[in-house]
Amino acid sequence: MALDSTVKPHERLSAYLSDDLSAVNVLISERMASEHAPRIPQVTKHLVDAGGKRLRPMLTLAAARMCGYQGEYHLNLAATVEFIHTATLLHDDVVDESAQRRGRPTANLLWDNKSSVLVGDYLFSRAFQLMVETGNLRVLDILSNASATIAEGEVLQLTAAQDLNTDEAIYMQVIRGKTAALFSAATQVGGVIAEADEGIVQALFTYGDALGISFQIVDDLLDYGGIAAQTGKNIGDDFREGKLTLPVIKAVAKATEEEREFWVRVIEKRKQQDGDLEHALTLLHKYDTLEETRQEAMAWAAKAQAAIRTLPDHELRDTLVDIADYVVARIS
């Protein structure tokens, strides 16, 4: 199938992989069913139907196709990646006490925290069943390590996100865990299941890692300058939750004593009042940390592109290059 360069890259990717995606959707529907607990498919369907782009499973399918895979297990792996991602979203919304996800009420708001946590656990279990069926021990190793790394990143964020001593290195460790780990696993296993050369598998890993880092930096930046209808969450949510993301970390590093006291009050002590978000934005603009953060996101996107360009020529390769551009275009 030819790829139309006038269409957005994730839409081109979806169109190219339409048959595979349809099969993955069937598999997801089958595996999220539960004979004894009807709330499981209710909660899962609410999130799955919320309109996510399915970027992570598409990366798995694309990597496998680029590497010439002819089997069916890439479908298992794509569904595995989507289940892991959905499970983490359910858990994240409980931890963050979120009320909105992808522009819709969160599952924990519609049902309760207990349902969100337990359904998330169920999806993790389903994910492991799917990956075991491939019979590939290395795939199991990659995805199980990614699951552990995601959880580790989330726990690290609990302590780091409201500690003004958190520096850029710790921030990078957090987002590499909670976001980039699944991106890199998604691309890497596509190459592994296709038995691609190790250099190709490594390039796929590097692409996913850098793309995931860029993706999360952009998300954090959008919280201070996005449009709610585009981001699916309220502007300033991270600020109100006291999350210390990269633009703020950069501003704290340059802050005067008086400014630091402001950041201590609103981030560490969570004692916020009317006008604080606007003042925070003033400080971010004062030190140009939004632009610095944007440049870092673009640099990671460029690193992803450099990695994927080392792969053999394939029409999907150019689309994956464009995906990295699309990720940062949200802030360009």
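The rules behind each value
- Residues numbered from 1 in each chain as written.
- Predicted model: local features only at pLDDT ≥ 70, side-chain atom pairs only at ≥ 80, totals over all residues.
- Heavy atoms only, no water.
- Helix = DSSP H or I, 4+ residues; strand = E, 2+ residues; numbered from the N terminus.
- Buried < 20%, exposed > 50% of the residue type's maximum accessible area, 1.4 Å probe, protein only.
- Contact = heavy atoms within 4.5 Å.
- Areas by Shrake-Rupley, 256 points an atom, 1.4 Å probe, with all protein chains shown as cover.
- Phe/Tyr/Trp six-rings, centres within 6.5 Å; stacked < 30°, edge-to-face > 60°.
- Lys NZ or Arg CZ within 6 Å of the ring centre and 35° of its normal.

A. Geometry of the overall build of the protein chain. Check the secondary structure of the protein chain and you find 17 helices and 2 strands. Within the protein chain, the proportion of its 332 residues that are buried is 53%. Nonlocal contacts in the protein chain, meaning residues at least 24 apart in sequence, comprise 75% of its contacts between residues at least 6 apart. Total accessible area computed for the protein chain in this model is approximately 14700 Å², and 51% of it derives from carbon and sulfur atoms.

B. Region of interest: the packing of aromatic side chains. The tally for this structure, following the rule as stated, stands at 2 aromatic pairs. Ring centres of Phe183 and Phe215 lie 5.3 Å apart, and the angle between their planes is 45 degrees; on these two criteria the pair is classed as tilted. In this pair, Phe183 sits in helix α9 (residues 168-193) while Phe215 sits in helix α10 (residues 198-222), placing the two residues 32 residues apart along the sequence. By relative accessible area, which is 16% here, Phe215 ends up buried. On the basis of an interplanar angle of 65 degrees and a centroid distance of 5.2 Å, the ring pair of Phe262 and Trp263 is categorised as edge-to-face. Looking at Phe262, the relative accessible area reads 8%, which means it is buried. The cationic tip of Arg56 hangs over the ring face of Phe215; the distance from NZ or CZ to the ring centre is 5.4 Å.

Scope: geometric values only; no functional claims are made or implied.
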